[in-house]
Amino acid sequence: MTLTLSRPDLLRHESFLNNEWVRSGRTFAVTNPATGEVLADVPDCGEEEARAAVDCAQRAYQAWRRVVARDRAALLRRWHQRILDNQEDLARLISLEQGKPLAESRGEVAYGASYVEWFAEEAKRAYGDVIPQQHNGRRLLTVREPVGVVAAITPWNFPMAMIARKIAPAIAAGCAVVAKPAEDTPLTSLALVKLLQEAGAPAGLVNMLTTSRARASVLADVWLADSRVRKISFTGSTAVGKHLARESAPTLKKLSLELGGNAPFIVFDDADLHAAVDGLMVAKFRNAGQTCICPNRVYVQRGIHDAFVAALSERVRQLKVGPASNAASQIGPLINLRALEKVQEHVADAVLQGASIAVGGKVFESQEAPGGHFYAPTVLTGVTAAMRMSCEETFGPVVPVTAFDGEQEAVALANDTPYGLAAYVYTRDIGRAWELGEAIEAGMVAVNDGVLSTEIAPFGGIKESGYGREGSRYGLEEYMHIKYLCHGNLDRPRG
Ligand SMILES: NC(=O)c1ccc[n+]([C@@H]2O[C@H](COP(=O)([O-])OP(=O)(O)OC[C@H]3O[C@@H](n4cnc5c(N)ncnc54)[C@H](O)[C@@H]3O)[C@@H](O)[C@H]2O)c1
Ligand SMILES: O=C[C@H](O)CS(=O)(=O)O
């Protein structure tokens, strides 16, 4: 199957600045991780474009903040419709530049679109308060106001959903946006702003600048130092998140940081074994394990351990690895060679320290896409906390299994990490489920379920997984602040 677009104009070769498509003297190539094919050359923007983007975003913000919520919502609804009208092309762009199977890409487009729809609704619900006054003649109230120009920086693993869940609430709140997508996957973001332009967004409301990895910090440093940029919404690694937090301090920006994870997946003896295997298959192998909420550590109570590993291994062996051009592919390539090498290093380190390979454990040589960055779906047993894959995100299709005995041991293992994004618990004991849900240090805990993500719930972490929430009734607050208004001397002479 060739992943051609019904609208070739959605494959953009320019950045988007002040409602115009702009080229730059420098470009960099965007490639298909399954084949190495160059998909497009896009601008490698720098300081000049970064400053120009803030200039026009500030102008757009001054006007957009005065647009009534109903009209802000209407723009999001028009954008949402255009996304649905072009969802197949968006899905194909995701699969082309990120490599995930087309079925997953279609799911990502629907997921990203749900955030646009959600914030079209939330735009009209930024309520304030009237506060009962304590003195006659005074009126006290609060209003919610947009924070101003937002800088949005996103990762490569969900090229559509991550940028949609930042731009949508920003527009809903009355903000304007300067955005930088990941260098590996900028094409989907450019297509999205093309559809936003067609939906009638005013000039400068959203500006999308592409950069190579080397110049990502050049662009970001301009935004970090500019006091007109009042917020940074970042999704990516903890290391970069910490850098942005440090460097934004001089201008004291509002921050939303959706960072790295190290999710535990805990299976107790009393769990429904097959449901737990189903949940792990969904949570672990989505996007070839390249998601921030993938189970990165799997703890199985000793009584069920061998049966669980046998059932899991049987399922993992059946996974089809291949390029998105094959509709039957379930596991796509890793995003680049660096990512593939990290997975290899993690597995080699674990085996060196005594782990056993139950399934896989090596690079997958695809006959359909030779040279693609594929890794065989893998199950390891005997994994310990000392191994690299227990401490760092593997970000690949590797399931590291550790046996445990008691409940308190499981909690201690789960919390033995600086991260706290997602966690998964399988048990039929409702009391244990509540106890684990409250004891585990994470922003999100799933019980007897492998799917956490939805636009209606608050997505985000604690500890070194960051702070702030995306989606849900809380997501709009990240792009607004509360103003308190007090009006005195209202007493009118009684005549
Ligand atoms: N918590 C979440 O919701 C979430 C979602 C997706 C990914 N992630 C995390 O992101 C990581 C994988 O994505 P990644 O490899 O793209 O992360 P990354 O941090 O390397 O890159 C993320 C973005 O930051 C940019 N960037 C890199 N260096 C920068 C700098 N010095 N200044 C400004 N921007 C810079 C990149 O160009 C990219 O656009 C994983 O750790 C994953 O857990 C978290
Ligand atoms: O990789 C992290 C993403 O935020 C996961 S999800 O797409 O929100 O489920």
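Keep in mind that what you see is a predicted model, and the values were worked out from it rather than measured.

Rules used in this analysis
- Residues numbered from 1 in each chain as written.
- Chains lettered and ligands numbered in written order.
- Predicted model: local features only at pLDDT ≥ 70, side-chain atom pairs only at ≥ 80, totals over all residues.
- Heavy atoms only, no water.
- Near = heavy atom within 4 Å.
- Polar contact = N/O pair within 3.5 Å; in protein donor to acceptor, adjacent residues only side chain to side chain.
- Areas by Shrake-Rupley, 256 points an atom, 1.4 Å probe, with all protein chains shown as cover.
- Helix = DSSP H or I, 4+ residues; strand = E, 2+ residues; numbered from the N terminus.
- Nonpolar A, V, L, I, M, F, W, Y, C, P; charged D, E, K, R; others polar.
- Domains from an automatic or database assignment.
- UniProt positions renumbered as here; feature names shortened; annotations may be inferred.
- Contact = heavy atoms within 4.5 Å.
- pLDDT = per-residue confidence, 0-100.
- Salt bridge = Lys/Arg side-chain N within 4 Å of Asp/Glu carboxyl O.
- Buried < 20%, exposed > 50% of the residue type's maximum accessible area, 1.4 Å probe, protein only.
- Core = buried A, V, L, I, M, F, W, Y, C linked by side-chain atoms within 4.5 Å.
- Pairing = 2+ DSSP bridges.
- Axes fitted to C-alpha atoms, helices over the stretch in contact; angles between N-to-C directions.

Remarks on the site of ligand 1
Move 1: In the neighbourhood of ligand 1, 31 residues make up the surrounding shell, with Thr154, Glu183, Arg213, Ser237 and Glu393 lying closest.
Move 2: One of the side-chain N or O atoms of Lys180 is found 2.9 Å from an oxygen atom in ligand 1.
Move 3: Note that a nitrogen atom of ligand 1 is positioned 3.3 Å from one of the backbone N or O atoms of Glu258.
Move 4: Contact with the protein chains hides 92% of the accessible area of ligand 1, taken as 840 Å² for the molecule alone.
Move 5: Secondary-structure elements contributing two or more residues to the shell around ligand 1 are helix H5 (161-173), helix H7 (213-225), strand S10 (229-235) and helix H8 (238-248).
Move 6: Looking at the shell around ligand 1, the element that brings in the most residues is H7, giving 4 residues.
Move 7: In terms of residue class, the shell around ligand 1 is made up of 16 nonpolar, 9 polar and 6 charged.
Move 8: Looking at which domains feed residues into the shell around ligand 1, each of domain 1 (8-259 + 465-483) and domain 2 (264-447) supplies at least three.

Looking at the UniProt feature "active site" (unreviewed entry) in the protein chain
Move 1: Within the UniProt annotation, "active site" (unreviewed entry) is assigned to Glu258.
Move 2: Assignment of secondary structure puts Glu258 in strand S11 (residues 254-258).
Move 3: The residues contacting Glu258, other than those within four sequence positions of it, are Phe234, Thr235, Gly236, Phe459, Gly460, Gly461, Ser465, Gly468, Arg469 and Glu470.

Considerations on the site of ligand 2
Move 1: Lining the immediate surroundings of ligand 2 are Tyr111, Asn157, Phe158, Met162, Arg165, Arg286, Thr291, Cys292, Ile293, Ser453 and Phe459.
Move 2: Between ligand 2 and Asn157 there is a distance of 3.0 Å, counted from an oxygen atom to a side-chain nitrogen or oxygen.
Move 3: Arg286 is positioned such that a nitrogen or oxygen atom in its side chain is 2.9 Å from an oxygen atom of ligand 2.
Move 4: The protein chains hide 99% of the 280 Å² of surface that ligand 2 would expose on its own.
Move 5: In terms of residue class, the shell around ligand 2 is built from 6 nonpolar, 3 polar and 2 charged.

What about the confidence of the model for the protein chain?
Move 1: A residue-level look at the protein chain finds 100% of positions with pLDDT of 70 or above and a mean pLDDT of 97.
Move 2: Scored by ipTM, the complex comes to 0.95, with pTM at 0.97.

So, the pattern of salt bridges
Move 1: Overall, the coordinates contain 30 salt bridges when judged by the stated rule.
Move 2: Linking Arg7 and Asp9 is a salt bridge whose minimum nitrogen-to-oxygen distance equals 2.6 Å.
Move 3: A salt bridge links Glu108 to Lys100; the shortest N-O distance between them is 2.6 Å. The two residues Glu108 and Lys100 agree in class, both being buried.

Quick notes on the nonpolar core
Move 1: By size, the foremost hydrophobic cluster in this structure holds 149 residues, and its most contacted members are Trp79, Ile83, Trp223 and Phe308.
Move 2: Summarising the domain contributions, this core has at least three residues from each of domain 1 (8-259 + 465-483) and domain 2 (264-447).
Move 3: Here Trp79 is in contact with Val116, Ile167, Ala168, Leu192, Leu195, Leu196 and Ala199, once residues within four sequence places are set aside.
Move 4: Core analysis: the second largest hydrophobic core is formed by 13 residues, Phe268, Phe404, Ala410 and Ala423 among them.

Some words on the sheet that holds strand S12 (residues 263-267)
Move 1: The 7 strands lie next to each other as S14-S15-S16-S13-S12-S18-S19, forming an open sheet whose pairing is mixed. The open sheet has two edge strands, strand S14 (356-359) and strand S19 (444-447), and neither has a second partner. When strand polarity is set aside, the average angle formed by the axes of neighbouring strands in this sheet is 25 degrees.
Move 2: The pairing of S12 with strand S18 (residues 422-426) spans 3 bridges and is parallel. From the neighbouring strand, Val267 faces S18, where its bridge partner is Tyr426.

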